[in-house]
Structures are given as C-alpha cells and as structure tokens.
Amino acid sequence: MSICYLDGTYQPLTEARISPMDRGFLFGDGAYEVIPVYSRRPFRIAEHIARLGRTLDAVRIPNPHTAAEWEAIVSELVARNAWVDQSIYLQVSRGPDERRNHAFPAVMRPTVFLMSEALVTPSADVLASGVAAVSAADFRWARCDLKTTALLANCLLRQVAIDKGCAETVLFRDGFLTEGAASNIFVVRDGVMLVPPKSHLMLPGITYDVVLELAATHGLEHAVREILEDEVRTADEVWLTSSTKEVLAITSLDGRPIGDGRPGPVGREMHAWYQEFKNTVMRVG
Ligand code: PDD
C-alpha cells in the first residue's frame, strides 16, 4: 500500500482527498519536484528543495516549509513506504478558494501533497538498445525554467512520441534545441559533449548538473552552448537525462538513426560514471 502525505497527514494514497476548488485542480496553479531515492536516501535533496523554492517564489506561492522541514517530510515518507529505491513526487498548489477566480485568494493556504512510487530506472535491455524519439516545435510558454504543475503542453508534446511508439519528444525552438518533453537533452559531436545553457526556455535539471559535474571530474571535453537543430540531427550521440531516466541514449530521431543507431561510447561511459557516483555517494557511507 502506497502512503502519501497531504497537508500534515500521512495516509494511504487511495484515501487522500482534496477540494475541487483547489487552484492546483482548477488552474494547474502549483509547483512540483520529482526526487529519486536510492537505498532510502533522497538524491540531491537540498538542490531539489532549492529549485522548489525558486519556483514558488517566481509564481508567488508562499513556501509553507523550511528546507529542514521539507527534508523531514520526505524522510518520513520514504520510511513509511516499502520500496528501497523510490521516486518521490512533491507538489505545492496555491490551495483552495471559495469561488473560481483568476486573481489569487487574499489569504493563501497552499496544499502540500507528496507521494511515493517504486523507482524504476531503464532496464538493461533499454540501456543496450537506447530509445527512439521524435521531434516537435516547442510551443510551451516562456517560463520553462519553472517546475510548475501546468504541464498540458509537455503532456501534448510527450504524447506525439507515444502515438508513434517512441519514448520522448525532442523540442526545437527557432531552430535551436531546448530540451525534451520531460528531460534535458545532451549531444555528442566529435567526442565533445554539448548541452544548451540554462535559460527561461528549459528546466534546469538536477541530473543535468550532475552530468556536467561528472564530465568535469572525469576530464570529458564539453561545452555549454546553443545547439542548432541540424547539429542534433547529425550528432554522433544524443542522450536524455532526468531524475528517473538518469542518462539514456536516444538512438533514432524521427525514424532516422543517430550515429550508427546504437548507444555510443561517450554515453555508455557517462552512464557508468553516473552509476558509480550513485553507488559511492548514495548507497554506502
Ligand atoms: N521531469 N526538463 C523537463 C521538462 C522535465 O520535466 C524534467 C524532469 C527534466 C529533468 O530534470 P531533473 O534532472 O531535475 O529530473 C528536464 C520529471 C522527472 C517529471 O516531470 O516527471
């Protein structure tokens, strides 16, 4: 049985209830995080809570907890659920109002909701073959740096991939790579790892930061710069990164192979560094 946290109470997920007047439901008016947990230890929790704080500040929802309180709630939820590796979903909405009104309520009572699922990272088979992706024009709003629950555009864009039997949609805006529908995108050309700079057009991924740190630690040549659509299509390797997918090769885009159509050596190495980092930093000590 999955245990969730709703406004101060730990309870079975199937019993949790919120008001239909919650602005999270009516307007998608909320912020969220997805935090991977390895061996019952939340990964980069301080960074996830800091990013949550930045989103809440930007959308003017009062942050209901200090960082220490957030960490305590996450720890308790992890302890109350059965899985050793978990994916924690954390959401704060602007809360309920008496009537539907675009303007914020005079007094905001944010709704805090967390749930846990088993963390399922890509299987050995998927890692060995990589995944197929499609591309689409990035038609989202101009604050993609905020992790808000208003994800209809991301859902529509992801579904373009699903409808074609693919795993992810790679997004281009004005001829440049932004990110995936629910991931950041890295490219390898001539042995150099490339990734777009953080901006209001993409989510600053926690995994993105880890991958850049690992590249620096292991001396992998890399550059953070704008990437042309054509540079993605003709890349030697393309990867997606996220908290739940970690580092995963994209081996075809719009039906055409990336490189030789198999996961490339740089991505395999990065995946191994990521696993090593997890196993040394997270699972022991
Ligand atoms: N999504 N870009 C977008 C649009 C995302 O939704 C995500 C993650 C990322 C990667 O961020 P991180 O490395 O911090 O997970 C980039 C989560 C997993 C989700 O919505 O389920």
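Scroll up to find the structure this text is about.
Read on for an overview of the structure. All figures in this text were calculated on a predicted structure; none of them were measured in a lab.

A closer look at the site of the ligand
Near the ligand lie 19 residues; those nearest to it are Tyr-32, Glu-179, Ile-206, Thr-207 and Ser-243. One of the side-chain N or O atoms of Lys-147 is found 3.4 Å from a nitrogen atom in the ligand. A distance of 2.9 Å separates an oxygen atom of the ligand from a polar atom in the backbone of Ile-206. The protein chains hide 89% of the 480 Å² of surface that the ligand would expose on its own. Broken down by class, the residue content of the shell around the ligand amounts to six nonpolar, nine polar and four charged. Of the domains in this structure, domain 1 (3-118) and domain 2 (124-282) are the two that each give at least three residues to the shell around the ligand.

Some remarks on the packing of helix H2 (residues 45-59) against helix H3 (residues 67-80)
Axis separation between H2 and H3 bottoms out at 10 Å; the angle between their running directions is 120°. One element, H2, and the other, H3, form an angle in the oblique class. With respect to the hand of their crossing, H2 and H3 are arranged in right-handed fashion. In this structure, H2 uses Ile-45, Ala-46, Ile-49 and Leu-52 to contact H3, whose residues at the interface are Ala-67, Trp-70, Glu-71 and Val-74. Class assignment of the residues belonging to the contact of H2 with H3 gives a composition of seven nonpolar, no polar and one charged.

A closer look at the sheet that holds strand E1 (residues 3-6)
Either a parallel or an antiparallel arrangement is found when strands of a sheet pair, and the pairing is made through backbone hydrogen bonds. Taken together, the six strands give an open sheet; going across it, the order is E2-E1-E6-E5-E3-E4, and neighbouring strands pair in antiparallel fashion. The open sheet has two edge strands with one neighbour each: strand E2 (9-12) and strand E4 (41-42). Relative to strand E6 (residues 111-118), strand E5 (residues 86-93) runs antiparallel, the two sharing eight bridges. Residue pairing in the sheet places Gln-91 in a bridge with Phe-113 of E6. Across the sheet, H3 touches E1, E2, strand E3 (30-38), E4, E5 and E6, and the angle it forms with E5 is around 135°.

Some thoughts on a nonpolar patch on the surface
A surface patch of nonpolar side chains, about 340 Å² in accessible area, is lined by Phe-139, Leu-152 and Leu-156. Topologically, Leu-152 is positioned in helix H5 (residues 152-163). Relative accessible area serves as the criterion here: at 61%, Leu-152 is assigned to the exposed category.

A short note on the pattern of salt bridges
The final tally for this structure, using the stated rule, is 16 salt bridges. Across the pair Arg-23 and Asp-29 runs a salt bridge whose closest N-O atoms are separated by 2.8 Å. The same class applies to Arg-23 and to Asp-29, which are both buried. The salt bridge partner of Asp-29 is Arg-94, with a shortest N-O separation of 2.6 Å. Separated by 65 residues along the polypeptide, Asp-29 in the loop between helix H1 (23-27) and E3 and Arg-94 in the loop between E5 and E6 bring together distant segments of the chain.

Reading the values: rules and limits
Every chain is numbered independently, its residues counted from 1 as its sequence is written. Note on the predicted model: pLDDT of at least 70 is required for a residue's local features to be given, and 80 or more for side-chain atom pairs to be given and counted; whole-chain, interface and lining totals, by contrast, use all residues. To get the side-chain values, all heavy atoms of the structure are used, and hydrogens and water are removed first. Here a residue is near a molecule or strand as soon as one of its heavy atoms is found within 4 Å of it. N or O atoms closer than or at 3.5 Å make up a polar contact, with two conditions inside protein: a donor-capable atom paired with an acceptor-capable one, and, for residues adjacent in sequence, both atoms drawn from side chains. Here the open area of atoms and residues is found with the Shrake-Rupley method and a 1.4 Å probe, where only the protein chains shown may cover a residue. Gly is put with the polar residues, along with every residue not named as nonpolar or charged; the nonpolar set is Ala, Val, Leu, Ile, Met, Phe, Trp, Tyr, Cys and Pro, and the charged set is Asp, Glu, Lys and Arg. An automatic or database domain assignment is the source of the domain bounds shown. Interaxial angles span 0 to 180 degrees and are taken between N-to-C directions of axes, which are lines fitted to C-alpha atoms, for helices over the stretch in contact. Note on conventions: DSSP H or I runs of at least 4 residues are helices, E runs of at least 2 residues are strands, and numbering of each starts at the N terminus. Geometric relationships in this document are graded by angle, where less than 35 degrees denotes roughly parallel, more than 145 denotes roughly antiparallel, 65 to 115 denotes roughly perpendicular, and other angles denote oblique. Here a crossing is taken to be left-handed if its near helix is turned anticlockwise relative to the far helix by less than a right angle, and right-handed if that turn runs clockwise. Contacts are residue-level and defined by heavy atoms, with any inter-residue pair within 4.5 Å sufficient. Pairing between strands is defined by DSSP: at least two bridges between them are needed. In this analysis, a patch consists of residues with relative accessible area above 30% that form no salt bridge, clustered at 9 Å for like charges and at 5 Å for the nonpolar side chains Val, Leu, Ile, Met, Phe, Trp and Tyr. Any Lys or Arg side-chain nitrogen located within 4 Å of an Asp or Glu carboxyl oxygen qualifies as a salt bridge. Between buried and exposed lies partly exposed: a residue is buried under 20% and exposed over 50% of the maximum accessible area for its type, with that area taken using a 1.4 Å probe on protein chains only.

These figures come from the coordinates and say nothing about function on their own.
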